[in-house]
Every structure is written in C-alpha cells, then in structure tokens.
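Understanding the architecture of this molecule
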Amino acid sequence: MKSLMLRLLTIILLSSTVLLAQQSVESKVIGFVNKAINTGKNYKFLKAEVIHSEPIPKLPNWKAYFLKIDLEIISQKRQVSVKDIIFSNGQFISKDFINLNLGKSIKSDFSFPASADLYDAKHFLAGNQNAKNKLILFSDPLCPFCMDFVPDLIHFVEKHPNQLALYYYYMPLSMHPGSTTLVKAILASKKIKTIKNLDEKVYSEAFDFTTGSEDEVINQFNKAFDIKLTKKELNTPDIAARIKADVKVANDLMIRGTPTLYVNGKKDPSRSLYKKLVKE
C-alpha cells in the first residue's frame, strides 16, 4: 500500500508546486486530484475528498488539506482507501515544505484528527476518564525518545487526575527488534497478574535485547517482573488483534513515529501543550 501511495503522489504532484485555477480552494484541490489520478492497470480511481483542513503555522494563507482517496484494486475486486496531506494557498498546491532552520519536512507535524471513539476504556491508562482534557499517546516501549518522555507524561497526568485523561495505543516499530514481542508480553501479563504501573515500569526497565527473539524478550520480561509467561500465552488471537487494531489506528491517522501525542483530538508536535491546560 505504501508503494501504491507513492506512485499516486508522483502522479498527483509531478513538481513540488503547481498553479491552480480560480475556484474555491477545496474544490480546486479536489478538482486537481481528480484530473491527476488516472485508472491504472492494477487499480481504478473512484473518488477523492477533503476530510479535514487546518492552517499552517507561520505560513499565512496556507492550509494543510487532508485527503482520502478511494481506489478499487482490480485483481482483488475490493475497495481500499489511502490518505495523504497536501498544502495549498488557493493559488498554488505543494506536496511538502522544508523548514530550512530545522532541515526537515513540515509534513510530519500534521496528522489526521483523532475521533472521540478512541477514548475507550481498554486504552485508558491514567488520570480520570471524565476529565475535560483527553490525551492520546502512540508509543513504542523500546523507542529511546519514548523512554524519556512517557514516564514523565504519566506522572504528570497522575498528578492532575481531575483535569487529564490519558489513553495509550501500542505502536511497535520494526526498527526496534523485540518491540512487538514486548508489547505482547505486556498484554499477556495483564491477563494473569496485576503489576502496578506496568506500562510505565516497562519504559524504565531498559531492556537489553541483542536479537529481539521471542525467547530473549520473554526471558528478560519474566525476570524483570517476576512472572512466568510462555510463548503460547503471548501468541493468542486477542493479543494479535489488539496490536493490529492499535497499529491500524496509527496508520489511519498517518502517524509516522513515536512518541506521538494528541491533545483533545489534535496532534501536538511540541508534546507539551497538555501542561498548559492544567490549572494548579
């Protein structure tokens, strides 16, 4: 699917910036996409729509447009949807902008808004579910940046339970060997033993996985938390389904890395806005 998306983007935006005709901005964006995507040998273009837009900080009159593109995979006779973000000021359209001061794309600062149905009980981690301010965290327990950020976030939420609710989605990354197995161990252990603040403790444990094999991860996890998990207990349909569902949510929101934090439905690139919402 990623390669298909890249091919589509190549078709949509052959150059980084192109002139648009005089219409409403959203209709111009959709009109351009509709004309740019042609039916291919492997897929049939169905429709494109803008499902959200928001201003770009420090770029007056420019907005990020969140696209949903529906396709039919011809060989499989099934419909799929792919998402992307493009930018426009009504006169020009651009695939991306590079922040020269930071030397990085601004595209990673944008993600699709999180819907309220993501605030469910099974993902609740800390605070008070009735709190006004809702936080959603997407994290990999072996991500070095997460190890620095997540424990402090949890502590802060626990300190202000009447004002914050924290929901946690697992997002194990392939670049961290053993991450998926570690998440399986966390979920499996919750079914057989109550370990207070388990998710938080995992970040502080500093596991040292050399291969990331199931045996290695299970052995270190069992030793760290005085438990006796087996491979069978890790590899159950419900655990596999939970991880798959969490990762799907992240993919649907176009989240590309961890930790990613949402505050009241919107991605917070600074990962600090939640502190400003608390009244001491």
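See above for the structure.
Described below are features of the structure shown in this document. If you're wondering where the values come from, they're calculated on a predicted model, not measured in any experiment.

Viewed as axis vectors pointing N to C, helix 4 (residues 179-192) and helix 8 (residues 237-252) meet at an angle of 125 degrees, and their least axial separation amounts to 10 Å. When the axes of helix 4 and helix 8 are compared, the pair comes out oblique. Where helix 4 crosses over helix 8, the handedness of that crossing is right-handed. Counting all contacts with helix 4, which are made through Thr180, Val183, Lys184, Leu187, Ala188 and Lys191, the residues of helix 8 involved are Asp238, Ile239, Arg242 and Ile243. For the contact of helix 4 with helix 8, the per-class residue count stands at five nonpolar, one polar and four charged.

In this structure, the second largest pocket spans a volume of roughly 530 Å³. Contributing to the lining of the second largest pocket are 20 residues, with Ile56, Pro57, Ile106, Asp109 and Phe110 lying nearest its centre. Contributing elements (two or more residues each) for the lining of the second largest pocket: strand 2 (43-55), strand 6 (98-99), strand 7 (104-105) and strand 12 (266-267).

The strands making up a sheet associate through backbone hydrogen bonding, with each pair oriented either parallel or antiparallel. Strands sit in the order 8-10-9-11-12 across an open sheet of five strands; the sheet is mixed. For this open sheet the edge positions go to strand 8 (124-127) and strand 12, each flanked by a neighbour on one side alone. Taken together, the seven bridges between strand 9 (residues 133-139) and strand 10 (residues 164-170) define a ladder with parallel strand orientation. Among the inter-strand pairings, lysine 134 is bridged to a residue of strand 10, identified as alanine 165. Packing against the sheet, helix 3 (residues 144-159) makes contact with strand 8, strand 9, strand 10 and strand 11 (260-263), and its axis sits at approximately 155 degrees to strand 9.

Let's shift gears to the pairing of strand 9. Where burial is concerned, most of strand 9 is hidden: seven out of the seven residues are buried. Judged by which residues are buried, strand 9 turns out to be covered on both faces: Asn133, Leu135, Leu137 and Ser139 on one side and Lys134, Ile136 and Phe138 on the other are all buried. Once the chain exits strand 9 it traverses helix 3 before rejoining the sheet at strand 10, and the crossover so formed is right-handed. One ladder, built from four bridges, connects strand 9 with strand 11; its direction is antiparallel. From the neighbouring strand, phenylalanine 138 faces strand 11, where its bridge partner is threonine 260.

A separate point is the packing of aromatic side chains. Describing an aromatic ring pair means giving the distance of the ring centres and the angle of the ring planes. Scanning all chains against the criterion turns up 14 aromatic pairs. Their ring planes at 65 degrees and their centres at 5.6 Å tell us that phenylalanine 124 and tyrosine 167 sit as a pair that is edge-to-face. Taken as a pair, phenylalanine 124 in strand 8 and tyrosine 167 in strand 10 lie far apart in primary sequence, 43 residues in all. With centroids separated by 6.5 Å and ring planes inclined at 55 degrees, the aromatic side chains of phenylalanine 207 and phenylalanine 225 adopt a geometry described as tilted. Highlighted residues: phenylalanine 207 in the loop between helix 5 (198-204) and helix 6 (214-225) and phenylalanine 225 in helix 6, separated in sequence by 18 residues. Site record: aromatic cluster; members linked through ring pairs are Trp62, Phe87, Phe97 and Phe110. The cationic tip of lysine 83 hangs over the ring face of phenylalanine 112; the distance from NZ or CZ to the ring centre is 4.8 Å. Over the ring of phenylalanine 149 we find arginine 271; its NZ or CZ atom is 5.8 Å from the centre of that ring.

This part takes up helix 2 (residues 25-36). Under the 1.5 Å per step criterion, the end-to-end length of helix 2 is 16 Å for 12 residues, consistent within 8% with the ideal 16 Å. Among the residues of helix 2, those classed as buried are Lys28, Val29, Ile30, Val33 and Ala36.

The subject of this paragraph is the nonpolar core. In this structure, Leu135, Leu153, Leu182 and Phe221 are the most contacted members of the largest nonpolar core, which totals 41 residues. The set of elements that each furnish at least two residues to this core consists of strand 9, helix 3, strand 10, helix 4, helix 5, helix 6, helix 8 and strand 11. With seven residues, the single largest contributor to this core is helix 3. Not counting chain neighbours up to four residues away, the residues in contact with phenylalanine 221 comprise Leu182, Ala185, Ile186, Ser189, Leu198, Val202, Phe207, Ile227 and Leu229. Ranked by size, the runner-up nonpolar core spans 25 residues in total, among them Ile56, Phe112, Ala131 and Ala250.

Here the focus is the side chain of aspartate 140. Position of aspartate 140 among the secondary structure elements: in the loop between strand 9 and helix 3. In terms of polar contacts, aspartate 140 uses its side chain to reach the side chain of serine 179, at 2.6 Å. The contacts of aspartate 140, once residues within four sequence positions are left out, are Cys146, Met171, Pro172, Leu173, His176, Ser179, Tyr203 and Thr258.

Calculation notes
Residues numbered from 1 in each chain as written. Predicted model: local features only at pLDDT ≥ 70, side-chain atom pairs only at ≥ 80, totals over all residues. Heavy atoms only, no water. Axes fitted to C-alpha atoms, helices over the stretch in contact; angles between N-to-C directions. Helix = DSSP H or I, 4+ residues; strand = E, 2+ residues; numbered from the N terminus. Parallel < 35°, antiparallel > 145°, perpendicular 65-115°, else oblique. Left-handed = near helix turned anticlockwise from the far one by under 90°. Contact = heavy atoms within 4.5 Å. Nonpolar A, V, L, I, M, F, W, Y, C, P; charged D, E, K, R; others polar. 1 Å grid on protein atoms, 1.4 Å probe; cavity = no way out; pocket = protein on both sides within 12 Å on 5 of 7 lines; lining within 4 Å. Points joined across faces, edges and corners; volume = space filled by probe spheres on them. Pairing = 2+ DSSP bridges. Buried < 20%, exposed > 50% of the residue type's maximum accessible area, 1.4 Å probe, protein only. Right-handed = clockwise from strand over helix to strand, strands pointing away. Phe/Tyr/Trp six-rings, centres within 6.5 Å; stacked < 30°, edge-to-face > 60°. Lys NZ or Arg CZ within 6 Å of the ring centre and 35° of its normal. Expected span 1.5 Å × (residues − 1). Core = buried A, V, L, I, M, F, W, Y, C linked by side-chain atoms within 4.5 Å. Polar contact = N/O pair within 3.5 Å; in protein donor to acceptor, adjacent residues only side chain to side chain.

None of the figures reported here should be taken as evidence of function without further support.
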